[in-house]
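Single-letter residue listing:
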Amino acid sequence: MSTSIIEVQDLKKNYGAVEALRGVSFGVQEGEVFGLLGPNGAGKTTAVEILEGLRQPNSGSVSVCGMDPLSGGKSYKELIGGVLQSTALPEKMKVAEALDLFAGFYHRKRSTNDLLKRFGLAEKRGAFYSQLSGGQKQRLALAMALVNEPRVLFFDEPTAGLDPQVRREIYDIIEELKSEKKTILITTHYIEEAERLCDRVAIMDAGQIIKSGTPRELKQASAGTTRIEVRLARPDSVETLKGLEGVADCREFDGYYVVHSKAVPKTIVALVKHLESTGNELAGLEIATPTLEDVFIELTGRRLRD
Amino acid sequence: MRNAIALTVSRMRLMMRNKMFLFFSLVMPLGFLFLFLGVFSRGNPFILPVMLAQVIAITVMGNYWGLSVQLVMFREAGILRRYRLAPVRASDLLISSIIANYLLTLPTIILEFVLARVVFHVLTIGNLATVFLLSTVGTICFASMGLIIASVTNTMQETQLINQVIWSVLLFLSGATLPLVTLGKHITQIAYYLPATYLVVGFQRAILHHAGALELIPIFISLIGTGAIAFILSAQLFRWDPDEKAPRKAKLWALAIIIPFLALGYWESGHVNLVSESQSFFDSGGQQRPQAPQTPQAPPQ
């Protein structure tokens with residue numbers, strides 16, 4: 001049985017009266033990509049910043065590479081790398097200078113030129129930080145996280161606010177790191193990010209982990225249902241739709257309904273009959289396997305980006 | 001130390017690329033030089049070195065303003081957070097800020113001396129070793145004072161407000177701009193307790209009296225004491241994150257930096273008449289012993 005490189009036990013953190021973490025526990029194996037998935041305010045960043053040694057928990061225990069992040073000091077920082085959610089560099093700092101400077105802080109370091117090439121920043125080596133696009137800034141942040149060849153990487157919402165094209169570029173980079181068997185803890189509120197990148201995911205809400213497992217396990221656990229997205233010409237009652245044959249659950253969103261069915265053909269037939277009898281019309285229908293978003297909705301009754 | 005050196009080099013590069021920094025650390029001090037020596041002195045050869053000392057003191061004091069603003073700006077922008085994730089200590093950042101500022105202040109002071117001699121034909125430039133030591137210790141002291149302001153304020157607005165108040169007091173009540181003889185009896189009592197006063201007096205004694213470092217021991221001790229207290233406190237109260245707020249107690253702790261100057265002020269007020277000393281500088285370029293002035297008066301022409 002392999003041991004966890006990251007161990008978190010009953011972690012609690014309050015900001016005044018606000019309980020940001022309410023007893024979070026999880027473990028991450030070496031070489032694993034572990035995701036904390038949840039909406040804003042779920043406590044993901046607080047958890048990661050405690051693991052990075054940037055915040056002190058109120059209670060609970062944390063161990064990364066066998067060290068306590070808070071008391072580990074410089075030796076601990078030598079082992080980790082990270083991309084913070086909100087951070088910056090001085091506007092007039094050049095790309096290569098930033099990598100050289102941060103590499104200089106560590107005993108083990110990677111060549112600036114290699115990092116610039118790997119992250120597609122070679123042509124920007126002499127550019128000021130203020131002259132970089134959002135995607136380039138994020139690639140530089142990722143490169144800086146790797147200057148010390150860390151054992152464990154923490155990526156806090158690494159693609160937040162980036163356009164889809166840049167997001168995909170960042171995914172490619174993280175997938176490369178995954179293939180190199182780096183241990184990565186990533187926080188995100190993007191479903192596709194968690195599904196594509198993570199070996200295991202913990203779904204967080206209101207300072208707690210409400211479910212964890214591989215993306216496949218989580219989706220399978222979603223009551224073994226199929227997701228049917230229904231758009232109607234006129235609004236209908238959720239309770240009525242829940243009563244149709246084969247329906248396990250139904251929720252209403254902005255003008256459409258997500259129906260979880262255990263028997264798709266029977267549910268569709270029942271739906272069509274119901275609409276005929278009420279004089280309503282079907283404006284659209286889409287069938288899909290459940291996503292992590294469905295799992296989240298099932299568990300919390302809310303969408304991830306609500 | 002490796003980190004502090006790397007950060008110092010980086011800070012110096014950044015400062016050299018910052019137009020605001022170049023304006024405040026080079027253009028403005030030189031502006032003061034031309035204003036004081038070219039306009040206010042009215043060509044009086046006795047007053048030129050007195051005013052040169054004031055200009056050098058203002059240049060050194062400028063480190064106070066620059067560092068506090070820089071540090072708060074870095075904290076608010078989230079730059080300090082990134083350093084925190086690396087094996088960098090608060091003291092590395094603070095030391096590098098002071099050294100970088102010092103290394104970029106020295107050329108300005110040298111340039112001021114060269115211009116004073118070449119353009120304004122200042123007859124005496126005094127004891128340069130003392131001037132150098134005073135510039136070094138003064139920069140460290142005032143830069144550390146700036147750092148502690150940055151450590152106990154929560155926003156840039158708050159920093160700017162406190163800076164404005166303290167800077168105005170240091171600039172106008174210390175003899176750095178307005179000679180002490182023009183300030184009136186009660187205001188000059190405040191001057192006895194200001195670090196800036198002793199910086200100005202120290203430079204005046206070094207330039208006009210050719211005073212050696214040993215003659216300025218109380219001034220050096222006070223500047224070093226204040227600098228050390230300010231540095232230690234700012235390292236203790238250092239905050240990396242914009243959302244970490246300074247506790248109210250921290251502001252009270254910051255007041256501890258004035259202790260050395262309270263002691264020096266108490267001692268000096270019993271032994272030295274700074275007003276009459278200031279008067280003597282303006283009367284004769286410091287060639288005569290100080291005499292107590294009867295009434296406040298403007299510098300002679």
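Residues numbered from 1 in each chain as written. Chains lettered and ligands numbered in written order. Predicted model: local features only at pLDDT ≥ 70, side-chain atom pairs only at ≥ 80, totals over all residues.

**A short note on the confidence of the model for chain B**
Residues and elements named next belong to chain B.
- Averaged over all residues, the pLDDT of chain B equals 84, while 93% of them reach at least 70.
- Long-range and interchain partners of residues 288–301, a stretch whose pLDDT sits below 50, account for 30 contacts in this model, where long-range means more than four residues apart.
- Among the scores for the predicted complex, ipTM is 0.81 and pTM is 0.81. (pLDDT = per-residue confidence, 0-100. Contact = placed C-beta atoms within 7 Å.)

**Notes on the packing of helix H6 (residues 128–152) of chain B against helix H10 (residues 217–236) of chain B**
Residues and elements named next belong to chain B.
- H10 packs onto H6 with a crossing angle of 30° between their chain directions and a minimal axis gap of 8 Å. Looking at the two axes, H6 sits roughly parallel to H10. Classified by chirality, the crossing of H10 by H6 is left-handed. Residues Val137, Gly138, Ile140, Cys141, Ser144, Met145, Leu147, Ile148 and Ser151 of H6 form the contact with H10, whose own contacting residues are Phe220, Leu223, Ile224, Thr226, Gly227, Ala230, Phe231, Leu233 and Ser234.
- Among the residues forming the contact of H6 with H10, the class breakdown is 12 nonpolar, six polar and no charged. (Axes fitted to C-alpha atoms, helices over the stretch in contact; angles between N-to-C directions. Helix = DSSP H or I, 4+ residues; strand = E, 2+ residues; numbered from the N terminus. Parallel < 35°, antiparallel > 145°, perpendicular 65-115°, else oblique. Left-handed = near helix turned anticlockwise from the far one by under 90°. Nonpolar A, V, L, I, M, F, W, Y, C, P; charged D, E, K, R; others polar.)

**Focus: the pairing of strand E12 (residues 256–261) of chain A**
All names here are of chain A.
- Here strand E10 (residues 226–232) runs beside E12; their pairing, made up of five bridges, is antiparallel. Paired with Ile228 across the strands is Val259, a residue of E12.
- Note: strand E11 (residues 247–253) against E12, six bridges, orientation antiparallel. Bridge pairing links Asp249 to His260 in E12.
- Linking E11 back to E12 in an antiparallel pair, the connection comprises two residues, with Gly255 at a positive phi of about 85°. (Pairing = 2+ DSSP bridges.)

**A closer look at the interface of chain A and chain B**
- The partner chain B presents 17 residues to the 20 residues of chain A that form the contact.
- When grouped by side-chain class, the residues that make up the side of chain A that touches chain B number 10 nonpolar, four polar and six charged.

**Here's the deal with the sheet that holds strand E1 (residues 4–15) of chain A**
Residues and elements named next belong to chain A.
- Taken in spatial order, the three strands line up as E2-E1-E4 in an open sheet, and their pairing is antiparallel. If you trace the sheet from one side to the other, it starts and ends with strand E2 (18–29) and strand E4 (59–64), each paired once. Averaged over all adjacent pairs, the angle separating strand axes in this sheet is 15°, with direction ignored.
- Summarising the sheet, E1 and E2 pair through nine bridges and their orientation is antiparallel. The residue bridging Lys12 from the neighbouring strand is Arg22, located in E2.
- In the packing of helix H1 (residues 44–51) onto the sheet, the strands contacted are E1, E2 and E4, and the crossing angle to E1 comes to about 120°.

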